[in-house]
Amino acid sequence: MVKILISERIFPEDCKDPEEIEPPLSRGSVDNSINSSVKRSSNISVNSSINRSIKSSSESSLSTSIGIELILLPLLPAGEFDMGSPSLEKRRKLWESPVHKVTIKNPFYIGKYPVTQEQWQKVMGNNPSYFKGEKHPVEKVSWVEAQDFFRKLNSLEKTENNCKYRLPTEAEWEYAARAGTSTSYFFGDDESKLTEYAWFLENSGLETHSVGLKKSNPWGLYDLYGNVGEWVQDEYHISYKGAPEDGRAWESSFTGLSTPVRVRRGGGWNGNAGCCRSAERLFLAQDKRLNSLGFRVVREVTLD
C-alpha cells in the first residue's frame, strides 16, 4: 500500500483513504453476509421511432432553468446491455455479480455533468461542499438531501408527475457510463488511458475539479469516472441476484429498523483506477455525506 504524505491540508473525518477500494463497511448498516458480462457504438442519434413517441421533447438535449444540461440517450439495441463485471475483469468485486441482461424500456435524459455547486446553490440556497468552486461538482450531500433537491427542482421547473427529475437508477447509470461498450471502461480495458477521462488518485491532487475538463464518453457525458462518485436511487444488495431486468430502481418494499444503504457509482478524486470502472459499485448509508460523493440528474421521458 502506497502512502501519500499531505503536509499542508487537513481533511475532515469523512475524507476517504486515498486508496479507497473496498466499500465503507463501517459507515452503514449492511447485511452481515457481506463478510462470509454490447459493442461500443459511435451512433449517438436516437432511433426515429423513439423520437416520434416522445411527448415531452423532440430534442436530443435540453437544459433546465438553472443551467443543468441533459442528453437524451439512444437505446442501442433497444436499451439492452449486460450489467455487472465478468469474472476475469481486472479489479472486479464480488458484489458486481452476476452479470445479467437489463433492458431499458424507456429513453431518458441524463445530466451531461454532475450537478455543480452553482446549480445546487440556485435550488437549495446553500453550498455544503468541502472543495469550493462554482463549476466544481457539489459534494458532502447525502442521498436524503439529494431527494430534497429533486423535490425543489421539480417544483421550480413545474414538471409533470410522469416527466420528473430524479436520481438515475443504478442500471440507468451503468447503461449511460458504458455507452454501448462491454469493456472495463468505455474507452477499453487499458487503465493507463484513464487520466484522459477522469480525475482520480493519480492526477486529482487530492481535490475535485471543475466539471467537463476531461474527455467525454462516446455519448457526450463527462466526469462519469472520478472527480466525485455519484449517488443512484437503488438500495444496496449483496449481489445482483433478483435485480430488476427492466432498469427500475431496486428498493425494498418494507421499511427496516436501520437506515437504508444506497449505491454509489463512478469512483472519485480519491479512488484508484479500479474504482472508476463502469461496473464498480460502492455503498453508503443514505444519510451520510462524503467530500468525494455527489450526484447526476435524470429526467424521465413520457411515451405514447
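In this numbering scheme, every chain counts its residues from 1 along its sequence in written order. Given that this is a predicted model, residues contribute local features only at a pLDDT of at least 70 and side-chain atom pairs are listed and counted only at 80 or more, while totals for whole chains, interfaces and linings are drawn from all residues. The basis for every side-chain value is the complete set of non-hydrogen atoms in the structure, without hydrogens or water.

Here, the term nonpolar core denotes a set of buried Ala, Val, Leu, Ile, Met, Phe, Trp, Tyr and Cys residues that are joined through side-chain atoms within 4.5 Å. Burial classes: relative accessible area under 20% of the type maximum marks a residue as buried, over 50% as exposed, and values in between as partly exposed (1.4 Å probe, protein chains only). Membership of the largest hydrophobic core comes to 38 residues, with the highest contact counts inside it found for Leu73, Ile104, Tyr175, Leu194 and Tyr225. Secondary structure elements with two or more residues in this core: β3 (80-83), β5 (108-111), α4 (170-178) and β8 (261-265). One finds Trp120, Leu153, Leu167 and Leu290 within the second-largest nonpolar core, a separate group that totals 26 residues. Per the convention used, a helix needs a DSSP run of H or I reaching at least four residues, while a strand needs a run of E reaching at least two, with both numbered from the N terminus.

The subject of this paragraph is the confidence of the model for the protein. Known as pLDDT, the predictor's per-residue confidence is scaled from 0 to 100. For the protein, mean pLDDT is 82; residues scoring 70 or higher make up 78% of the total. Considering only residues more than four positions removed or in separate chains, one finds that residues 1-58, a stretch of pLDDT under 50, has 134 contacts. Note on definitions: a residue-residue contact is assigned when non-hydrogen atoms from the two residues lie within 4.5 Å.

Here we come to the sheet that holds strand β1 (residues 61-63). A sheet is described by the order of its strands in space; here 5 strands give the open sequence β1-β2-β5-β11-β6, paired in antiparallel fashion. A strand with exactly one partner marks an edge of an open sheet, and here the two such strands are β1 and β6 (165-166). Alignment of β6 against strand β11 (residues 298-300), held across 2 bridges, turns out to be antiparallel. Following the sheet pairing, Arg166 is matched in β11 by Val298. Whether two strands pair depends on DSSP finding at least two bridges between them.

Attention now moves to α4. Side chains that are three or four residues apart share a direction in an α-helix, a result of its 3.6 residues per turn. With 9 of 9 residues buried, α4 is to be regarded as a mostly interior element. Among the residues making up α4, those that are buried are Glu170, Ala171, Glu172, Trp173, Glu174, Tyr175, Ala176, Ala177 and Arg178. Count one or two residues on from α4 and you reach Ala179, which has phi positive near 50°.

Strand order in the open sheet formed by 4 strands is β9-β8-β7-β10, with mixed pairing between adjacent strands. In this open sheet, the two strands that pair with only one neighbour each are β9 (281-285) and β10 (293-295). Averaged over all adjacent pairs, the angle separating strand axes in this sheet is 50°, with direction ignored. Summarising the sheet, strand β7 (residues 229-235) and β10 pair through 3 bridges and their orientation is parallel. When the bridges of β10 are listed, Gly229 appears paired with Leu293. Note on definitions: angles span 0 to 180 degrees between N-to-C directions of axes, and those axes are lines fitted to C-alpha atoms, for helices only across the stretch in contact. Here helix α3 (residues 143-157) sits on the sheet in contact with β7, β8 and β10, set at roughly 85° to β7.

Residue position: Ser204 is located in the loop between α4 and β7. Ser204 gets classed as buried once you look at its relative accessible area, which sits at 1%. At a separation of 3.0 Å, a polar atom in the side chain of Ser204 contacts the main-chain amide nitrogen of Leu206. Under this definition, polar contacts are N or O atom pairs within 3.5 Å; protein pairs additionally need one hydrogen-donor-capable and one acceptor-capable atom, and for neighbouring residues in sequence, both atoms have to be side-chain atoms.

Attention now goes to the packing of aromatic side chains. Aromatic rings from Phe, Tyr and Trp, with only the six-membered ring used for Trp, were paired whenever their centres fell within 6.5 Å, and each pair was classed as stacked if the ring planes differed by under 30 degrees, edge-to-face if by over 60, and tilted otherwise. Taken as a whole, this structure holds 18 aromatic pairs when the rule is applied. Note on Trp120 and Phe149: the rings are 5.3 Å apart at their centroids and 5° apart in plane angle, and the pair reads as stacked. Highlighted residues: Trp120 in helix α2 (residues 117-124) and Phe149 in helix α3, separated in sequence by 29 residues. Given the relative accessible area of 0%, Phe149 is considered buried. With 5.0 Å between their ring centres and 5° between their planes, Tyr185 and Phe187 make a pair best called stacked. For the pair formed by Tyr185 and Phe187, the shared burial category is buried. Clustering of aromatic rings is evident, with ring pairs tying together Tyr185, Phe186, Phe187, Tyr197 and Tyr225. Over the ring of Trp199 we find Lys214; its NZ or CZ atom is 4.2 Å from the centre of that ring. The cationic tip of Arg262 hangs over the ring face of Trp143; the distance from NZ or CZ to the ring centre is 3.7 Å. Look at NZ for Lys and CZ for Arg. If either is within 6 Å of the ring centre and within 35 degrees of the ring normal, a charge sits over the ring.

A few words now on the pattern of salt bridges. For salt bridges, the criterion is a side-chain nitrogen of Lys or Arg within 4 Å of an Asp or Glu carboxyl oxygen. Throughout the structure, instances matching the rule amount to 21 salt bridges. With a closest N to O distance of 2.7 Å, Glu196 and Lys215 form a salt bridge. One end of the pair, Glu196, is in the loop between α4 and β7; the other, Lys215, is in the loop between α4 and β7, with 19 residues separating them in the sequence. Residue Glu196 is classed as partly exposed on the basis of its relative accessible area, which comes to 34%. Ionic pairing is found between Glu280 and Arg277, a salt bridge with its closest N-O pair at 2.7 Å. Accessibility classification places Glu280 together with Arg277 in one group, the buried group. Ionic contacts of the salt-bridge type, sharing partners, join the residues Glu170, Glu174, Arg178, Arg265 and Arg281 into one network.

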